[in-house]
Amino acid sequence: MITVVVPVLNERTGIERCLDALKSLEAMGHELLFVDGGSTDGTDTFLEGSGATVFRSLRGRARQMNAGARAARGTGLLFLHADVRLPEGA
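Throughout what follows, the structure given in this document is the object of discussion. (Residues numbered from 1 in each chain as written. Predicted model: local features only at pLDDT ≥ 70, side-chain atom pairs only at ≥ 80, totals over all residues. Heavy atoms only, no water.)

Our focus in this paragraph is helix α3 (residues 61-71). By the burial criterion, the buried members of α3 are Gln64, Ala67 and Gly68. The buried residues of α3 occupy an angular sector of 100° when projected down its axis, which confines them to one face. Opposite the buried face of α3, at more than 90 degrees from it, the exposed residues are Ala62, Arg63 and Arg70. On the buried face of α3, the contacting elements are β1 (2-8) and β2 (31-36). (Buried < 20%, exposed > 50% of the residue type's maximum accessible area, 1.4 Å probe, protein only. Helix = DSSP H or I, 4+ residues; strand = E, 2+ residues; numbered from the N terminus. Arc of directions from axis to C-beta. Contact = heavy atoms within 4.5 Å.)

Shown next as structure tokens:
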């Protein structure tokens, strides 16, 4: 199992597309973690309402990625930004 860690901060306008794009990985048994750095636009609330796993950390991409890595249960880590899409078949 791979753990996909997505650091987020005020990504509400695009986070639904990100979540939709990554649900197939979750369906294949991989772990999907979002780490919110203090969003004020409802990103965390939307993700939680969608059933996503959300952690909170201090703001800062490295801090958020480290928090996700500490929480990960997978044998490998994949860090993605909310606006990045994996190529078809990845």
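So that's the structure; there's more coming.
As summarised here, the arrangement of the four strands in space is β3-β2-β1-β4, forming an open sheet in which the pairing is parallel. With partners counted over all chains shown, the strands left at the sheet margins are β3 (53-56) and β4 (76-79), one partner each. Here the average twist between neighbouring strands, direction ignored, is 30°. Bridge count for β1 against β2 is six bridges, and the pairing is parallel. Bridge pairing links Val4 to Leu32 in β2. Strand contacts of helix α1 (residues 12-27): β1 and β2, with the helix running at about 150° to β2, the strand carrying the most contacts. Along the sheet, α3 contacts β1, β2, β3 and β4; its crossing angle with β1, the most-contacted strand, is approximately 150°. (Pairing = 2+ DSSP bridges. Axes fitted to C-alpha atoms, helices over the stretch in contact; angles between N-to-C directions.)

Read these as layout, nothing more, since geometry by itself doesn't imply function.
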